[in-house]
Amino acid sequence: MFLRNVPDSEVEVERIAGRIGNLRDTFYGRTWDVKSVVNAKNIAYTHQYLGLHMDLLYMKHPPHIQLLHCLRSTSTGGASLFSDALHAAKALYSAAPEAFSVLTKYSVPYHYDHAPAHHYAYTHPTIELAWAHARPPTAALPGRTATPPIVHLNWSPPFQAPFWVPRHDVA
């Protein structure tokens, strides 16, 4: 969703977000400025291209909604990309239900490590279904035409940690 004609003020994002729900503090603070700084300790403060991603997946409870408010931009580039991840997941379910199923079963590790004060790690499946932590419905999934109820989608290659693969010794 895009809001237009939002006043050019740093307090507007917090004011509008507060009308939608509770704001969650992170190690960035309640709100923060995204700007390029010299010798940045975090990729959020650089001009590096990040591609499509979701923020803070290395935390147990990443944000569900984020608001971005551009007050001014004096740099070149900085294109923002947006994607309808829910639409993509539903299209995947229709085209390749086996691949969809794999993305619901295997967790992807994410991490953020900027010693000494900030180290976070958590895993999330790419697609989280409503029954991920409860019993699935008794109806068989094969042959279903409706997409199972998706509650979260998780995608953040810039913060993906290495996968742990169990070692199998060969005799």
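Structure: see above.
Description of the structure in this document. Please read these numbers as outputs of a predicted model, since none were measured by experiment. (Residues numbered from 1 in each chain as written. Predicted model: local features only at pLDDT ≥ 70, side-chain atom pairs only at ≥ 80, totals over all residues. Heavy atoms only, no water.)

### Section: the overall build of the chain
Phase 1 of the analysis: Check the secondary structure of the chain and you find three helices and four strands.
Phase 2 of the analysis: In the chain, the succession of helices and strands from N to C terminus is α-α-α-β-β-β-β.
Phase 3 of the analysis: Residue pairs at least 24 apart in sequence account for 59% of intrachain contacts in the chain once pairs closer than 6 positions are excluded.
Phase 4 of the analysis: About 13,200 Å² of surface is accessible on the chain, with carbon and sulfur atoms providing 56% of the total. (Helix = DSSP H or I, 4+ residues; strand = E, 2+ residues; numbered from the N terminus. Contact = heavy atoms within 4.5 Å. Areas by Shrake-Rupley, 256 points an atom, 1.4 Å probe, with all protein chains shown as cover.)

### Topic: the side chain of Ser 156
Phase 1 of the analysis: Inspection of the secondary structure puts Ser 156 in the segment after strand E4 (150-153).
Phase 2 of the analysis: Assessed through its relative accessible area of 1%, Ser 156 is described here as buried.
Phase 3 of the analysis: Among the polar contacts listed, one links the side chain of Ser 156 to the backbone oxygen of Met 54, at a separation of 2.9 Å.
Phase 4 of the analysis: The residues touching Ser 156, leaving out its near neighbours within four places in the chain, are His 53, Met 54, Leu 57 and Tyr 110. (Buried < 20%, exposed > 50% of the residue type's maximum accessible area, 1.4 Å probe, protein only. Polar contact = N/O pair within 3.5 Å; in protein donor to acceptor, adjacent residues only side chain to side chain.)

### A look at the environment of Leu 3
Phase 1 of the analysis: Structurally, the position occupied by Leu 3 is in the segment before helix H1 (12-20).
Phase 2 of the analysis: Residues Leu 3 and Leu 67 lie 64 residues apart in sequence; the distance between their C-alpha atoms is 9.8 Å.

### Some details on the nonpolar core
Phase 1 of the analysis: Tyr 28, Ala 44, Tyr 45, Leu 56, Leu 57, Tyr 58, Met 59, Val 108, Tyr 110, Tyr 112 and Phe 159 form the largest nonpolar core, which has eleven residues in total.
Phase 2 of the analysis: The contacts of Leu 57, once residues within four sequence positions are left out, are Pro 62, Tyr 110, Tyr 122, His 124, Asn 154, Trp 155 and Ser 156.
Phase 3 of the analysis: Counting residues in each nonpolar core, the second largest holds eight residues, with Phe 100, Leu 129, Trp 131 and Leu 153 among its members. (Core = buried A, V, L, I, M, F, W, Y, C linked by side-chain atoms within 4.5 Å.)

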